[in-house]
Amino acid sequence: MHIMEGYLPVGHAVGWSLASAPFLVWGIRKLTKQLREQPESRLVLGASGGFAFALSALKLPSVTGSCSHPTGVGLGAILFGPATMCVLGFVVLLFQALLLAHGGLTTIGANTFSMAIVGSFVAYGLYRGGATLRLPTNLSVFLAAALGDLATYTVTSFQLALAFPDPVNGFAGSAVKFLGVFAVTQIPLAISEGLLTVLVLNLLRSHAGEQITALVPALKGVSKWSSTTCCSCLA
Amino acid sequence: MLLLLGVVVLALIPLFTVKPAHEGEEIFGGADGHAESAITEIRPDYQPWFTPLWEPPSGEIESLLFGLQAALGAGAIAYCLGYYRGRRGAAKPADAALG
């Protein structure tokens, strides 16, 4: 769930758009370079975009009694890096703002920042961190996707708290309120997103292993059984 | 399979455990709607200064577009998986005949 159209004061809307713009320019350059140097990766890129598209459309119920949706940016961030995924995340947000009145054009800068930028960087960073620590691949992927999702909605809450500080308790008071709305709702959804990302990445690894290894050499080979058992314990 | 089961269980639990606080109260509304009421609580005078250029004219049309979005995404993943699976089968016809 993103910040609704018109619900950020003009200054904030412009500010977040300016903050997001350089990442998009960087991402578009990375994306064109990627397609020029590894044109055979375009199908996997399409699948990563498709994953973000599909997951963003799934509004799931949560323990707080409200609904929200996962973001799906973790998969692409792990495979193509955070810059490229910024662009795909932006496209998803644009589609939803224009056709679904979900999110909005005036808030697309802020929403791009939380979902496409922070979400991608957190997911990518955690995956790389997990790989460096030699954690099991599926665990790194799960943590990257789940916490990237959670980070997105934490940022959304802070963005709203910054725009609407509580008259008595200021920024902190509002932050608690918005975190209660977005971040707590998101916890079970983030777990779902982590599980689905492990599932789809392992499908890609077993069917398109060569293409995946060309993108991220560390993802070579699939240990299917250890993956399913390990992550079902986590769930 | 276990992974999918985990996702289904996570989605089902709230449906059975969460009950409306008052009789007849609607639950499982969007988190963005809840944020909207939180904003109104903090700044009762705040008026959104921009409205969506186009809104789906009804809940049905909205669910059509959300369904389309999910279908397009799933289609892209399935195309990619099917393409590489098929290509590998074509490269090794013996395996394909066996499998």
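The structure this text deals with has already been given above.
None of these values were measured; they are calculated from a predicted model.

Quick notes on the nonpolar core
Of all hydrophobic cores here, the largest spans 52 residues; its most connected members are V44, L79, L204 and L219 of chain A. Here this core takes 8 residues from helix α2 (residues 42-56) of chain A, the largest share from any one element. Leaving out residues up to four positions away in the same chain, L79 of chain A has contacts with V44, S48, L201, L204, I212, L215, V216 and L219 of chain A. I3 and A175 of chain A together with A31 and I39 of chain B belong to the second largest nonpolar core, which has 28 residues in total.

What to know about unusual backbone geometry
Backbone geometry at R134 of chain A places phi at a positive 60°, although glycine is not the residue there. A positive phi angle, near 65°, is found at F28 of chain B, a position not held by glycine. With respect to the element layout, F28 of chain B can be found in the loop between α1 (2-17) and β1 (29-30). For F28 of chain B, a relative accessible area of 19% gives the class buried.

Thoughts on the interface of chain A and chain B
Listed by partner, the interface residues are 68 residues for chain A and 53 residues for chain B. The contact between chain A and chain B buries some 5,300 Å² in all, and 76% of this surface belongs to carbon and sulfur atoms. For the pair chain A and chain B, the number of links is 2 salt bridges. We note a salt bridge from E62 of chain B to K59 of chain A, for which the minimum N-O separation is 3.8 Å. Connecting chain A to chain B are 12 residue pairs in polar contact (both at pLDDT 80 or more). Of all the secondary-structure elements, those providing two or more residues to the side of chain A that touches chain B are α1 (10-37), α2, β1 (60-61), β2 (66-68), α4 (82-99), α6 (137-163), α7 (170-207) and α9 (224-234) of chain A. It is α7 of chain A that contributes the most residues to the side of chain A that touches chain B, 17 residues altogether. Looking at the side of chain A that touches chain B residue by residue, the class counts come to 44 nonpolar, 19 polar and 5 charged. Relative to β1 of chain B, β2 of chain A runs parallel, the two sharing 2 bridges.

The rules we used
- Residues numbered from 1 in each chain as written.
- Chains lettered and ligands numbered in written order.
- Predicted model: local features only at pLDDT ≥ 70, side-chain atom pairs only at ≥ 80, totals over all residues.
- Heavy atoms only, no water.
- Core = buried A, V, L, I, M, F, W, Y, C linked by side-chain atoms within 4.5 Å.
- Buried < 20%, exposed > 50% of the residue type's maximum accessible area, 1.4 Å probe, protein only.
- Helix = DSSP H or I, 4+ residues; strand = E, 2+ residues; numbered from the N terminus.
- Contact = heavy atoms within 4.5 Å.
- Buried area = accessible area lost by both parts, 1.4 Å probe.
- Salt bridge = Lys/Arg side-chain N within 4 Å of Asp/Glu carboxyl O.
- Polar contact = N/O pair within 3.5 Å; in protein donor to acceptor, adjacent residues only side chain to side chain.
- Nonpolar A, V, L, I, M, F, W, Y, C, P; charged D, E, K, R; others polar.
- Pairing = 2+ DSSP bridges.

Bear in mind that shape data such as this cannot, by itself, settle questions of function.
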